[in-house]
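These are the residues of each chain, in order.
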Amino acid sequence: MNETSQGEQAPVAWSLVGWSLALGVVSLAIITGNSIAIAVLTRKKLLRRRTSYFLLSLAVADMTVGMCSVPAFIFQIVSFRQDNTSTLLNIVKALDVFCGLGSTFTLTIIALERVYAICFPLRHRTSTRRLYDASVSSVWILATLLSSLYFFHEYDLIQHKVFFWFLILTFFSSMLVMLLAYLAIWLKARVPRQAYLREASLDSSDVSSDKKRPFVSQYRNGGKERNRRVIENDRKLAMTVFIVTTVFILTWLPFQIVNLIVFLECKTFPCSALPSTQVIYFCKLLHYTNSFLNPVIYSLRLQDFRSTLKKIIYRKG
């Protein structure tokens, strides 16, 4: 009897070891990648681009996931105490919610900022740093206030379903805002192509009249060229942030779907609709992997990020 019980527990134990090692590797990758991202994004060259404040905020949130959220989840699955209600564990779980809300709200405000930059470029260029500081601060203040609801739920001050639907609606409403923002950017990006063609035809007709005024011609063409470069840089940054947002949705959505299945279908336990622990652990691993992928996307997409990173590496080398 004891031998059979030990034999059944052995595969489970090795499975937990495997998931713990995988999560540990992800945690280390998150910390390393976002440490590099923070070092790069805090350079003066990158901070001149005001969107870097939001990317830096996102890197800090991801770093916290690697340092706190992932180790806490490893502790949960290794300790076999899913009903653990210690104050320390509750604090760490609330921190996990806090990091998730911070990432979600930061990506949402980045999407809105990109809409503002591309749809209202003149107003965007005159925006002050104070506006960006206030936006970043509001993200974290809101995340702090809303994540504190976890303790209200944990100590039965609010019902579980209220807290659950609050998190689900927060995620899906933020996702909807992101998608609508990038739809607006896509629609706006189609217009300049025709405008550029009209400008090109006007420039060709003005060449003969500007030959006698070379300085005026040079100034006009130089100003238009700078505007084109600014617009192209804004588009490229918008595409980078769109990729980051898409990766966020793809890595978070399975975890949220599992939450919905468990909440809606599993009123009592055991529950036939309950996904296996392997599926749950995989969705959670995928969810945490998002915090590692963001710095990878920056290094592949942003030229300023790559060049600054190379300078840091060569200087230390």
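An unreviewed UniProt entry lists the protein chain under the name G-protein coupled receptors family 1 profile domain-containing protein, with Desmophyllum pertusum given as the organism. In UniProt, the protein chain has this text filed under Subcellular location (unreviewed entry): "Cell membrane".

> Describe a nonpolar patch on the surface, naming the residues involved and giving the relevant values.
Among the surface-exposed residues, Leu176, Leu180, Leu183, Trp186 and Leu187 lie close enough to one another that they form a single nonpolar patch of about 510 Å² accessible area. Inspection of the secondary structure assignment puts Trp186 in helix 8 (residues 160-210). In this structure Trp186 comes out as partly exposed when scored by relative accessible area, which is 49%.

> Quick rundown of the packing of helix 4 (residues 87-119) against helix 6 (residues 129-147)? Include the residues and the values.
Helix packing for two helices is described by the angle between their axes and how far apart those axes are. Between helix 4 and helix 6, the shortest axis-to-axis distance is 8 Å and the interhelical angle comes to 145 degrees. You can see that helix 4 and helix 6 cross each other, and the crossing is right-handed. Judged by residue contacts, Ala94, Val97, Phe98, Leu101, Gly102, Phe105, Thr106, Ile109 and Glu113 of helix 4 engage Tyr132, Ser135, Val139, Trp140, Leu142, Ala143, Thr144, Leu146 and Ser147 from helix 6. Per-class residue counts for the contact of helix 4 with helix 6 are 12 nonpolar, 5 polar and 1 charged.

> So what's going on with a positive patch on the surface? Residues and values would help.
A cluster of like positive charges, contributed by Arg43, Lys44, Lys45, Arg48, Lys311 and Arg315, occupies part of the molecular surface. Within the residue set of the positive patch, elements represented by two or more residues are helix 2 (44-47) and helix 11 (303-316). Position of Lys44 relative to the elements: it lies in helix 2. For Lys44, a relative accessible area of 70% gives the class exposed.

> Describe the packing of aromatic side chains, with residues and values.
Per the counting criterion, the structure on display carries 13 aromatic pairs. Relative to Trp252, the ring of Phe248 lies with its centre 5.0 Å away and its plane at 35 degrees, an arrangement referred to as tilted. One end of the pair is Phe248 and the other is Trp252, both in helix 9 (residues 214-265) and 4 residues apart, which spans about a single turn. The class of Phe248 is buried, set by a relative accessible area of 1%. Pairwise contacts between aromatic rings join Trp19, Phe73, Tyr281 and Tyr288 into one cluster. Taking NZ or CZ as reference, Lys284 lies 5.7 Å from the ring centre of Phe73, over its face.

> So, the nonpolar core: which residues are in play, and what are the values?
Buried together is how nonpolar side chains tend to be arranged in soluble globular proteins. One finds Leu23 and Phe305 to be the most contacted residues of the largest nonpolar core, which totals 64 residues. Contributing elements (two or more residues each) for this core: helix 1 (2-41), helix 3 (51-79), helix 4, helix 6, helix 8, helix 9, helix 10 (277-301) and helix 11. Dropping the residues within four chain positions of it, Leu23 is found in contact with Val70, Phe73, Ile74, Ile77, Leu285 and Tyr288.

> Describe the pattern of salt bridges, with residues and values.
This structure, assessed with the given rule, holds 3 salt bridges. Salt-bridge contacts for Lys284 lead to Asp96; the nearest nitrogen and oxygen are separated by 3.6 Å. Of this pair, Lys284 sits in helix 10 while Asp96 sits in helix 4, and the two are 188 residues apart along the sequence. Close ionic contact of Arg129 with Asp133 constitutes a salt bridge, the shortest N to O distance being 3.7 Å. With a gap of 4 residues between them, Arg129 and Asp133 both fall in helix 6, about one helical turn apart.

> Which residues make up the packing of helix 3 against helix 4, and what values go with them?
Relative to each other, helix 3 and helix 4 sit at 155 degrees, their axes nearing to 9 Å. Considering their axes alone, helix 3 and helix 4 lie roughly antiparallel with respect to each other. For the element pair helix 3 and helix 4, the recorded crossing hand is left-handed. In the contact of helix 3 with helix 4, the residues fall into 15 nonpolar, 7 polar and 5 charged.

Thresholds, definitions, all that
Residues numbered from 1 in each chain as written. Predicted model: local features only at pLDDT ≥ 70, side-chain atom pairs only at ≥ 80, totals over all residues. Heavy atoms only, no water. UniProt positions renumbered as here; feature names shortened; annotations may be inferred. Patch = residues over 30% accessible without salt bridge, like charges linked within 9 Å, V, L, I, M, F, W, Y side chains within 5 Å. Areas by Shrake-Rupley, 256 points an atom, 1.4 Å probe, with all protein chains shown as cover. Salt bridge = Lys/Arg side-chain N within 4 Å of Asp/Glu carboxyl O. Helix = DSSP H or I, 4+ residues; strand = E, 2+ residues; numbered from the N terminus. Buried < 20%, exposed > 50% of the residue type's maximum accessible area, 1.4 Å probe, protein only. Axes fitted to C-alpha atoms, helices over the stretch in contact; angles between N-to-C directions. Left-handed = near helix turned anticlockwise from the far one by under 90°. Contact = heavy atoms within 4.5 Å. Nonpolar A, V, L, I, M, F, W, Y, C, P; charged D, E, K, R; others polar. Lys, Arg positive; Asp, Glu negative; His and termini not counted. Charge placed at Lys NZ, Arg CZ, Asp CG, Glu CD. Phe/Tyr/Trp six-rings, centres within 6.5 Å; stacked < 30°, edge-to-face > 60°. Lys NZ or Arg CZ within 6 Å of the ring centre and 35° of its normal. Core = buried A, V, L, I, M, F, W, Y, C linked by side-chain atoms within 4.5 Å. Parallel < 35°, antiparallel > 145°, perpendicular 65-115°, else oblique.

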